[in-house]
Amino acid sequence: MKLSETVIRLMTRLAVEHRAINLSQGFTDEAPDYEMTWGAIAALLGGTQEGIDRLESMTLGDLISLSEGAGGNASKMPLKDLLSRLRNPYDQFSQYSFPFGIRELRVAIADYTEAFYGHRPDPEDQITVVLGASEGMAATYRAFFSPGDAVVVMQPFHEIYPSQAGIFGLVPKFITLREDRDRGSWDLDRDELRRAMSDPAVRAIIVNTPHNPTGKVLSEEELAFIAELCNEYDCFAITDEIYEHIIYDGHRHHYLCAFEGMADRTITINSISKTGKSTGWRIGWVITPPEHTRALRAVHDNLVVQAPTPLQKGAVDLLRRDAQFFAGIAPKYRIKRDRLVAGLRSVGFALTPPEGAYYLFADYRKVTALSGFDSFDAAMHLIKEVGVATVPGDNFYSPDTPEAKSEGGRYLRFAFCRSLETLEAAIERLHRNL
Ligand SMILES: Cc1ncc(COP(=O)(O)O)c(C=O)c1O
C-alpha cells in the first residue's frame, strides 16, 4: 500500500507557506489547561513523588530563601536560574515507566470514566495508556484483527481510519452519512448499516461520536441499533470518543461500552488532545475487554514502548479536574461555532450546524467564487487567494466510492477550535476576498 502525507497536514503546510489563517487541522491556538501543564512541570522539576510534594507546598518566599541561602540575589536572578534551585538531583519521571501507563494515570482514567458514565474499567486489566487516539487505533487494528478482516467505516471519516486499516491489511467497508439540511441532521441509513455489518468478513465497526467532520452526535437509539448489530453479527465496536465533552444544544454523549452486550465487544479509544487542548502531548488511552488487553499492550510496547512519563503526570491532573471544568469546555466552543456558522452563511456557504466536536462541514457550491471548482481546487483557492486554509471534503470519503464525488465533492471542512480573534480575522478575509 502506498502511503502519502495526510491531506490535512498538507493543508497545514500550505497554510504556513501562503500565510493563510489555518482552519484546516483540528488544534487550537489557545493555552492548554494550566493544572495539566503544572502537573508536567512539577514532574519534570520534582523528579520523584517526594520532589513533587515538596514543590506543591512551596511558596515564593521559600524559593527566595533557598536561593539567597545559596548566595544569590533572588530578585535579580533569571527565572530559569531561580527555578533550577528546585530541581531534584534524583529522577524517576523523565525515565521509562510501565509501557501500558503509570498506575496513577490508569486509576485516574478509571475514576474519570466512572464519574461520567457509571462504568469503571479495571486499571490493571483494561486500560492501556497510548500515544494519542491515533496510536490507540493502530494498536487496536493490529492486536484484534488479521489481514483480510473488514471494518465498517462511516464516511465522511477521520482519515486515519481507512489509512491505518490499509497499513495493517484490513479492508474498510464504507457506509455514508447523508446531510438532511432542512432537518438539520446527518443521517445514518440503518438498512445500509445492516447490509454492511452482515458481511461475514466484517469484524468491527468504528464509531466516532461526536463526529469529525460533520459534528453529528449519535443518539442513544442509533447507538442501541449499532449495539444490536454488533451482538447479532458478533462484531466489535471501536469507539473514538475524543470529542466527548464538546457537545451543544442539549445533545448527550453516550458510552457505547455500557450498552447491553457491549462490555465484551467494545474497544473505547480516548485522549487528552481535545479535552486538554494538548494535541501535541500525545497522551491517550484504550479500554479493552480484559481478555484482549495483553495483545493490545504487546503491540503498543513493541511499537512505541510508552507515552511520555512526565506528560502522563500532567494528564492525571487534567482528568482529576472537577465536573465544572469539563462542563465549561463546550460553551466556549459554542460561541465560536455560532460565530463561524453565521460568518460562513453570510458569504453563501450552506451547512447543518454541528451538534458536537469543533468542525463545520460546509457546502461551498453556492459561493460564487468557488462554485466552478472541485473541493481540492476550492480549498487551494481559499488558501492562495482568500488566505484561509480548510480541508477539501472529498478527503473524508473513499475515492473508491461514488460518494467521494457526489457527496464529498461539495464540502469544505473548517475547524473552529482557534481563538475568537483568529476566527474573526478569517471571517473578515472571507468577506473581503470572496
Ligand atoms: C476523530 C478523531 N480521532 C482521532 C484524532 C487524533 O487524536 P489524537 O491526537 O489523540 O491522536 C483526531 C484528531 O483530530 C480526530 O478528529
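Structure: see above.
Residues numbered from 1 in each chain as written. Predicted model: local features only at pLDDT ≥ 70, side-chain atom pairs only at ≥ 80, totals over all residues.

Participant: Can you tell me about unusual backbone geometry, naming the residues and giving the values?
Facilitator: A cis amide bond links Gln155 to the next residue, Pro156, at an omega of 5°. Among the structural elements, Pro156 can be located in the loop between β3 (150–155) and α8 (160–167). Of the consecutive residues Thr209 and Pro210, the connecting peptide bond is found in the cis state with omega at -10°. Examined against the element boundaries, Pro210 turns out to sit in the loop between β7 (202–208) and α10 (220–232). Phi at Arg19 is positive, roughly 50°, even though this residue is not glycine. Inspection of the secondary structure assignment puts Arg19 in the loop between α1 (7–17) and β1 (21–22). Exposure remark for Arg19: the 10 C-beta atoms within 10 Å place this residue in the exposed category. At Lys277, a residue that is not glycine, the phi angle is positive and equals roughly 50°. Relative to the assigned elements, Lys277 resides in the loop between β9 (266–271) and β10 (284–287). Taking the C-beta count within 10 Å as the criterion, Lys277 has 20 such neighbours and is therefore assigned buried. (Helix = DSSP H or I, 4+ residues; strand = E, 2+ residues; numbered from the N terminus. Buried ≥ 20, exposed ≤ 12 C-beta atoms within 10 Å, placed from the backbone.)

Participant: Break down the pairing of β3 for me, with residues and values.
Facilitator: Where burial is concerned, most of β3 is hidden: five out of the six residues are buried. As judged from the six bridges shared by β3 and strand β4 (residues 171–176), these two strands associate in the parallel manner. The partner of Val153 across the bridge, within β4, is Phe174. Once you follow β3 into α8 and on to β4, the crossover reads as right-handed. Here β3 runs beside β7; their pairing, made up of three bridges, is parallel. (Pairing = 2+ DSSP bridges. Right-handed = clockwise from strand over helix to strand, strands pointing away.)

Participant: Pulling in residues and values, what's your account of the packing of helix α7 (residues 132–144) against α8?
Facilitator: Interaxial distance between α7 and α8 falls to 10 Å at its minimum, and their mutual angle equals 40°. On the basis of their axis angle, the class for α7 and α8 is oblique. Viewed along their axes, α7 and α8 form a crossing whose handedness is right-handed. Along the contact surface, α7 presents Ser134, Met137, Ala138 and Tyr141, while α8 presents Ile160, Gln164 and Ala165. Residues that form the contact of α7 with α8 fall into these classes: five nonpolar, two polar and no charged. (Axes fitted to C-alpha atoms, helices over the stretch in contact; angles between N-to-C directions. Parallel < 35°, antiparallel > 145°, perpendicular 65-115°, else oblique. Left-handed = near helix turned anticlockwise from the far one by under 90°. Contact = placed C-beta atoms within 7 Å. Nonpolar A, V, L, I, M, F, W, Y, C, P; charged D, E, K, R; others polar.)

Participant: An account of the site of the ligand is needed here, citing residue identities and associated values.
Facilitator: Neighbouring the ligand are 13 residues; Gly132, Ala133, Ser134, Ser271 and Ser273 lie closest to it. The element best represented in the shell around the ligand is α7, accounting for three residues. Residues belonging to the shell around the ligand are distributed by class as follows: two nonpolar, ten polar and one charged. (Near = placed C-beta within 6 Å.)

Participant: Tell me about the sheet that holds β7, residues and numbers included.
Facilitator: Pairing in this open sheet of seven strands is mixed, and the strands run β2-β10-β9-β8-β7-β3-β4 from one edge to the other. Each of the sheet's edge strands pairs with one partner strand only, and the pair in question is β2 (127–130) and β4. Within the sheet, the average angular offset between the axes of one strand and its neighbour, ignoring direction, is 20°. Looking at chain direction, strand β8 (residues 236–240) and β9 are connected through four bridges and run parallel. Each residue of the ladder has a partner; that of Thr239, found in β9, is Thr268. Contacts between helix α11 (residues 290–304) and the sheet are confined to β2 and β10, with β2 contributing the most and set at about 15° to the helix.

Participant: Break down the sheet that holds strand β11 (residues 359–363) for me, citing the residues and quoting the values.
Facilitator: Within a beta sheet, neighbouring strands are joined by backbone hydrogen bonds and run either parallel or antiparallel to one another. A sheet is described by the order of its strands in space; here three strands give the open sequence β11-β14-β13, paired in antiparallel fashion. Of all the strands in the sheet, the pair left with one neighbour each is β11 and β13 (391–392). When β11 meets strand β14 (residues 411–415), the two strands line up antiparallel, connected through five bridges. Residue pairing in the sheet places Asp363 in a bridge with Tyr411 of β14. Contacts from helix α14 (residues 329–346) reach β11 and β14 within the one sheet, and its direction differs from that of β11 by about 15°.

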